[in-house]
Amino acid sequence: MITILIIMMESTASNPEKSQLIESFKSSGVTLVYGDIYHHESLVKAIKKVDVVISAVGNQQIDDQMKIVAAIKEAGNIKRFLPSEFTMDVDRAHAIEPLASTLKLKAKIRRAIEAEGIPYTYLVSNGFAAFFLRNFGQAGATAPPRDKVVIIGDGNPKATFVKEEDIATYTIKAVDDPRTLNKILYLRPPANILSFNEIVSLWEKKISKTLEKIYVLEDELLKKIQESSVPIDFFIYVSHSVFVKGDAGNFEINASIGVKSSELYPDVKYTTLDEHLDQFI
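Attention in this report is confined to the structure presented alongside it.

Rules used throughout
Residues numbered from 1 in each chain as written. Predicted model: local features only at pLDDT ≥ 70, side-chain atom pairs only at ≥ 80, totals over all residues. Heavy atoms only, no water. Helix = DSSP H or I, 4+ residues; strand = E, 2+ residues; numbered from the N terminus. Buried < 20%, exposed > 50% of the residue type's maximum accessible area, 1.4 Å probe, protein only. Lys, Arg positive; Asp, Glu negative; His and termini not counted. Salt bridge = Lys/Arg side-chain N within 4 Å of Asp/Glu carboxyl O. Polar contact = N/O pair within 3.5 Å; in protein donor to acceptor, adjacent residues only side chain to side chain. Contact = heavy atoms within 4.5 Å. Axes fitted to C-alpha atoms, helices over the stretch in contact; angles between N-to-C directions. Parallel < 35°, antiparallel > 145°, perpendicular 65-115°, else oblique. Nonpolar A, V, L, I, M, F, W, Y, C, P; charged D, E, K, R; others polar.

Note that aspartate 247 resides in the loop between helix 10 (234-244) and strand 11 (258-260). Despite its burial, aspartate 247 remains without a salt bridge, the nearest opposite charge being carried by lysine 245 at 8.0 Å. A polar contact is formed between the side chain of aspartate 247 and the side chain of serine 241, at a distance of 2.5 Å. Apart from residues lying up to four places away in sequence, aspartate 247 is in contact with Met88, Arg92, Ala93, His94, Ala95, Ser241 and Val242.

As a further point, take the packing of helix 4 (residues 65-75) against helix 5 (residues 99-115). In a packed pair of helices, the relevant descriptors are the angle between the two axes and the axis-to-axis distance. The N-to-C vectors of helix 4 and helix 5 enclose an angle of 10 degrees; their axes lie 10 Å apart at closest approach. Here helix 4 is positioned roughly parallel relative to helix 5, judged by the angle of their axes. Where helix 4 approaches helix 5, its residues Gln65, Met66 and Val69 are matched on the opposing element by Lys108, Ile109, Ala112 and Ile113. Here the residues of the contact of helix 4 with helix 5 are counted per class, giving five nonpolar, one polar and one charged.

This brings us to the pattern of salt bridges. Scanning the entire structure with this criterion turns up 18 salt bridges. For glutamate 198, the salt bridge goes to lysine 158, with nearest N and O atoms at 2.7 Å. A residue pair is termed long-range when its members are at least 10 positions apart, and glutamate 198 in helix 8 (residues 196-207) and lysine 158 in strand 7 (residues 158-162) qualify at 40 residues. The partly exposed category is assigned to glutamate 198, whose relative accessible area is 31%.

By themselves these figures say nothing about function.
Listed below in structure tokens is the structure:
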């Protein structure tokens, strides 16, 4: 049996907005171990109590994971570290700024982990299904489109989306699996590898209606970004990488450094995009 550390400051535990989530952890039998990412001694003390560290820090704290790397190195007992990535493969993306800088920071964390000889698994989750399918990335929309849909790119590059709960399932399966040790685990559920056009087609069949499709090709998209006088939604930069450059799957997985979730865990009954869309009908 392994112990998994949830890196959490005590102030977070007392946050009313987080209390429900924290209580759900406790009711599931999770023991919370407190450690402050900005207080080295407390972080080392917490890490010494566990076997695996899964980081889920947000984009604004990616570089702060260097502090976690240092604490893990000093503690000397960690069997596996999963840094906060939860996106496409950071070493293979063709992103534009500011996404490019975020991915470079994540790659920097990878190199630091490797340099320190810390056992790791890098989780390439690709897209979050619930986040994308709630509105197909349509600005300001609160539901999937019913009349027209804006498609970034020509709609043909394949993308992969995984339900957030399934990402959690694969993550937990990987933490003590020797097959994922010092490997990249790619989440590519076969039924969830679809192009934007194919996702729209699925939705059209469910609502028995053909949507008006507005395609925003790369040149036009980049021009809009450059000329915008207001902050651009970060999702646009991700969409460029995924739907224009095809960074979710425009490469073959190198078996010497990467493994597929579908091959390691065929028993996982993941939610397909087809099934996920049913809730919006």
